[in-house]
Amino acid sequence: MTPRFDAIGLVVSDMAASVTFYRRLGFVFPDGAERLPHAEAGLPGGLRLLLDTEDTVRSFHAGWRPPSGGSRSALALACADPAEVDSVYEELVGTGCHGELKPWDAFWGQRYAVVHDPDGNGVDLFASLPAAAE
């Protein structure tokens, strides 16, 4: 038996805010997902993004507590080009999302930026720079 990678799960404090955030990034959640304690969006290749409220997690893990301090994980989303990194970052920050790192040309050849979802999880936005694509 070999387990296979199937999903990425995030614990959220406000399902509606999280579903709205990820929908802005193109994740497709079913209608009404913002009112549920568990929501799923299908991803390319058959993976899924799972969102569970803190209360849902506590229902099966009574000792669970939200992490404190910095985050240890992030979702990384590829953009079509450097201009899309900038426009997605500005759109999200314009809606009130925390912009952790403004778009910049990273030394590894990508346009890169970091925003936080409503629970402070990092969401990295990136695209290859023209010189790196040659």
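Since the structure is predicted, the reported quantities are computational estimates derived from the model, not experimental observations.

K.L.:
Run through the nonpolar core, naming residues and quoting values.
P.N.:
Membership of the largest hydrophobic core comes to 28 residues, with the highest contact counts inside it found for Tyr22, Leu25, Phe27, Phe29, Leu49 and Leu125. When contributions to this core are tallied by element, the ones reaching two or more residues are strand S1 (7-12), helix H1 (15-24), strand S2 (38-42), strand S3 (48-53), strand S4 (74-78), helix H3 (82-94), strand S6 (110-116) and strand S7 (122-128). With sequence-adjacent residues up to four places away left out, Leu49 is seen in contact with Ile8, Leu10, Tyr22, Phe27, Phe29, Ala39, Glu40, Ala41, Leu43 and Leu75.

K.L.:
Before we move on, could you go through the layout of surface pockets and cite the residues and values that matter?
P.N.:
Here the largest pocket defines a volume of roughly 410 Å³. If you trace the largest pocket, you find 16 residues lining it, with Pro67, Ser71, Asp119, Gly120 and Asn121 closest to the centre. Per-element accounting of the lining of the largest pocket gives the leading share, 3 residues, to S1. When the residues that make up the lining of the largest pocket are grouped by side-chain class, the tally is 5 nonpolar, 8 polar and 3 charged.

K.L.:
Before we move on, could you go through the state of the cysteines and cite the residues and values that matter?
P.N.:
Each disulfide consists of one covalent bond between the sulfur atoms belonging to two cysteines. As enumerated under the stated definition, the model contains 0 disulfides in all. Free of any disulfide, Cys79 has its nearest cysteine sulfur in Cys97, 14 Å distant. Judged by its relative accessible area of 14%, Cys97 is buried.

K.L.:
Can you explain H1? Please cite residues and give values.
P.N.:
Every buried residue of H1 is accounted for by Met15, Ser18, Val19, Phe21 and Tyr22. Across the axial projection of H1, the buried residues extend over an arc of 160°, all falling on one side. Measuring from the backbone nitrogen of Ala16 back to the side-chain oxygen at the start of H1 gives 3.1 Å, which picks out Asp14 as the cap. Directly after H1, the chain includes Gly26, whose backbone phi takes a positive value near 100°.

About the criteria used
Residues numbered from 1 in each chain as written. Predicted model: local features only at pLDDT ≥ 70, side-chain atom pairs only at ≥ 80, totals over all residues. Heavy atoms only, no water. Core = buried A, V, L, I, M, F, W, Y, C linked by side-chain atoms within 4.5 Å. Buried < 20%, exposed > 50% of the residue type's maximum accessible area, 1.4 Å probe, protein only. Helix = DSSP H or I, 4+ residues; strand = E, 2+ residues; numbered from the N terminus. Contact = heavy atoms within 4.5 Å. 1 Å grid on protein atoms, 1.4 Å probe; cavity = no way out; pocket = protein on both sides within 12 Å on 5 of 7 lines; lining within 4 Å. Points joined across faces, edges and corners; volume = space filled by probe spheres on them. Nonpolar A, V, L, I, M, F, W, Y, C, P; charged D, E, K, R; others polar. Disulfide = S-S within 2.5 Å. Arc of directions from axis to C-beta. Polar contact = N/O pair within 3.5 Å; in protein donor to acceptor, adjacent residues only side chain to side chain.

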